[in-house]
Amino acid sequence: MSRKEKLLKRLLSRPVDFTFEELVTLLGQFGYFNTSAGKTGGSRVAFSDGGGDYIRLHKPHPRNILKQYQLDDIITALKERNLL
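Summarised in this report is the structure supplied together with it.

What counts as what
- Residues numbered from 1 in each chain as written.
- Predicted model: local features only at pLDDT ≥ 70, side-chain atom pairs only at ≥ 80, totals over all residues.
- Heavy atoms only, no water.
- Helix = DSSP H or I, 4+ residues; strand = E, 2+ residues; numbered from the N terminus.
- Rg over C-alpha atoms; globule rule 2.2 N^0.38 Å.
- Buried < 20%, exposed > 50% of the residue type's maximum accessible area, 1.4 Å probe, protein only.
- Contact = heavy atoms within 4.5 Å.
- Expected span 1.5 Å × (residues − 1).
- Pairing = 2+ DSSP bridges.
- Axes fitted to C-alpha atoms, helices over the stretch in contact; angles between N-to-C directions.
- Polar contact = N/O pair within 3.5 Å; in protein donor to acceptor, adjacent residues only side chain to side chain.
- Core = buried A, V, L, I, M, F, W, Y, C linked by side-chain atoms within 4.5 Å.

1. Some remarks on the overall build of the chain
Along its length, the chain carries three helices and three strands. The helix and strand sequence of the chain, counted from the amino end, reads α-α-β-β-β-α. Against the 2.2 N^0.38 benchmark of 12 Å for 84 residues, the chain shows a C-alpha radius of gyration of 12 Å, consistent with a compact globule. Oriented by its inertia axes, the alpha-carbon framework of the chain measures out at about 40 × 30 × 20 Å. Taken over 84 residues, the chain has a buried fraction of 33%. Contacts in the chain between residues far apart in sequence, at least 24 positions, make up 41% of those at least 6 positions apart.

2. Details of helix α3 (residues 68-80)
Taking 1.5 Å of rise per residue, the 13 residues of α3 would be expected to cover 18 Å, and the 18 Å separating its terminal C-alpha atoms lies within 8% of that figure. The elements touched by buried residues of α3 are α1 (3-12), α2 (20-29) and β3 (54-58). Backbone geometry just after α3 places Asn 82 at a positive phi near 55°.

3. A look at the pairing of strand β2 (residues 44-48)
Two faces make up the sheet, and in a regular strand the side chains alternate between them. By the criterion of burial, β2 is predominantly enclosed, with four of the five residues buried. Hairpin connection between β2 and β3: a loop of five residues separates the two successive antiparallel strands, and Gly 50 in this loop has a positive phi of roughly 85°.

4. Examining the pairing of β3
By the alternation rule, side chains of β3 split into Ile 55 and Leu 57, which are all buried, and Tyr 54, Arg 56 and His 58, of which none is buried. Note that β2 and β3 share five bridges and pair antiparallel. Each bridged residue has a counterpart across the sheet, and for Arg 44 the counterpart in β3 is His 58.

5. Topic: the sheet that holds strand β1 (residues 33-35)
On the basis of which strands lie adjacent, the open sheet formed by three strands has the order β1-β2-β3 and antiparallel pairing. Each edge of the open sheet carries a strand with a single partner, namely β1 and β3. Strand-to-strand twist in this sheet, taken as the mean axis angle between neighbours without regard to direction, amounts to 35°. Along the sheet, α2 makes contact with β1, β2 and β3, crossing β2 at roughly 20°.

6. Notes on the environment of Asp 53
Secondary-structure assignment places Asp 53 in the loop between β2 and β3. The exposure class assigned to Asp 53 is partly exposed, which follows from its relative accessible area of 22%. In this view, Asp 53 contacts Tyr 32, Phe 47, Ser 48 and Arg 81; residues no more than four positions away in its chain are not counted. Of the polar contacts made by the side chain of Asp 53, one reaches the side chain of Arg 81; its length is 2.7 Å.

7. As for the nonpolar core
The biggest cluster of nonpolar side chains holds 20 residues, and the ones touching the most others in it are Leu 11, Leu 23, Phe 47 and Ile 55. Of all the secondary structure elements, the ones that give two or more residues to this core are α1, α2, β2, β3 and α3. In terms of residues, this core owes the most to one element, α3, which gives five residues. Discounting residues that sit within four places of it in the chain, Phe 47 has contacts with Phe 20, Leu 23, Val 24, Leu 27, Tyr 32, Phe 33, Asn 34, Asp 53, Tyr 54, Ile 55 and Leu 57.

Here it is in structure tokens:
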């Protein structure tokens, strides 16, 4: 099983300890990269596929663990893009 498959299976199981770094790695496997929002971006981050499609969310803080609603939003976004 590849790393992408393992991370995807982990995301779909909605674990309580899915980290932002794991999300960055997984979205990178789908061709998305973290875009800079400038100095006014704050905790908001956007992942772009380079073709004008964005997945946006707030970076978790103070801990690096994504909340359950964020996992649901990511899963929904990937399904809408036919990546799942």
